Amino acid sequence: MIPAVLERAMVTHGVKSKASFGISARNQAHVMTILRDTLYSDRILAVLREYSTNAWDAHKDAGKADLPIKVTLPTSMEPNLVIRDYGFGMTPEQVYEIYTQYGESTKRLTDDQNGMLGIGSKSAFAYSDSFSITSWNAGKKRIYVAVLDDTNVGEIQLLDESDCGDETGIEIQVSVKED
């Protein structure tokens, strides 16, 4: 979604020095924790909403708007929420860039997709300390795990890579708590 941008004109006189606002590298874990822990009032619904919206957007982007996304709700026998799309999938570089960088979004230049804050792909962290990402892209299936580590910053690890033919898409899997 293309965000509305407020145009500003600044006129200054007599400036002796200045500094720009940013995010402290030393305190990035703190800022990321605020985004994970306070953004969503309903963390469970947020995970379902964010990933299913991303899946639907992937279908629209790939020209597959008539094809349903696949959502598997957790049960006592299979305690995982699984959301799967059949869009283009992502290269390793795209996975690392989109899933590790708060604020990174592929949706700011279009009104044909929902979102643009660059936070939704990390929404599982509002509920869990880990989730998996499987990408089918360019003949390869790659399975990643995103984890919050002791730094509270987190990382993504590539666990497996195999051939997949012409299958494409993304699957997000989040283990749910018994309660």
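See the structure above.
Residues numbered from 1 in each chain as written. Predicted model: local features only at pLDDT ≥ 70, side-chain atom pairs only at ≥ 80, totals over all residues. Heavy atoms only, no water.

A. Local environment of helix α2 (residues 43-61). Compared with an ideal rise of 1.5 Å per residue, which puts 19 residues at 27 Å, α2 spans 27 Å between its outermost C-alpha atoms and is within 8% of the ideal. Taken together, the buried positions of α2 are occupied by A46, V47, E50, Y51, S52, A55, D57, A58 and H59. Residues of α2 that are buried sit in contact with β2 (80-84), β3 (130-137) and β6 (169-175). With a side-chain oxygen lying 3.3 Å from the backbone nitrogen of I44, the N-terminal cap of α2 falls on D42. Looking one or two residues past α2, G63 carries a phi angle of roughly 75 degrees, positive in sign. (Helix = DSSP H or I, 4+ residues; strand = E, 2+ residues; numbered from the N terminus. Expected span 1.5 Å × (residues − 1). Buried < 20%, exposed > 50% of the residue type's maximum accessible area, 1.4 Å probe, protein only. Contact = heavy atoms within 4.5 Å. Polar contact = N/O pair within 3.5 Å; in protein donor to acceptor, adjacent residues only side chain to side chain.)

B. Here's a closer look at the side chain of E50. Mapped onto the fold, E50 is located in helix α2. The buried charged residue E50 lacks any salt bridge, with R49 as its nearest oppositely charged partner at 4.3 Å. Each residue touching E50, except ones within four places of it in the same chain, is listed here: Y40, G120 and S123. (Lys, Arg positive; Asp, Glu negative; His and termini not counted. Salt bridge = Lys/Arg side-chain N within 4 Å of Asp/Glu carboxyl O.)

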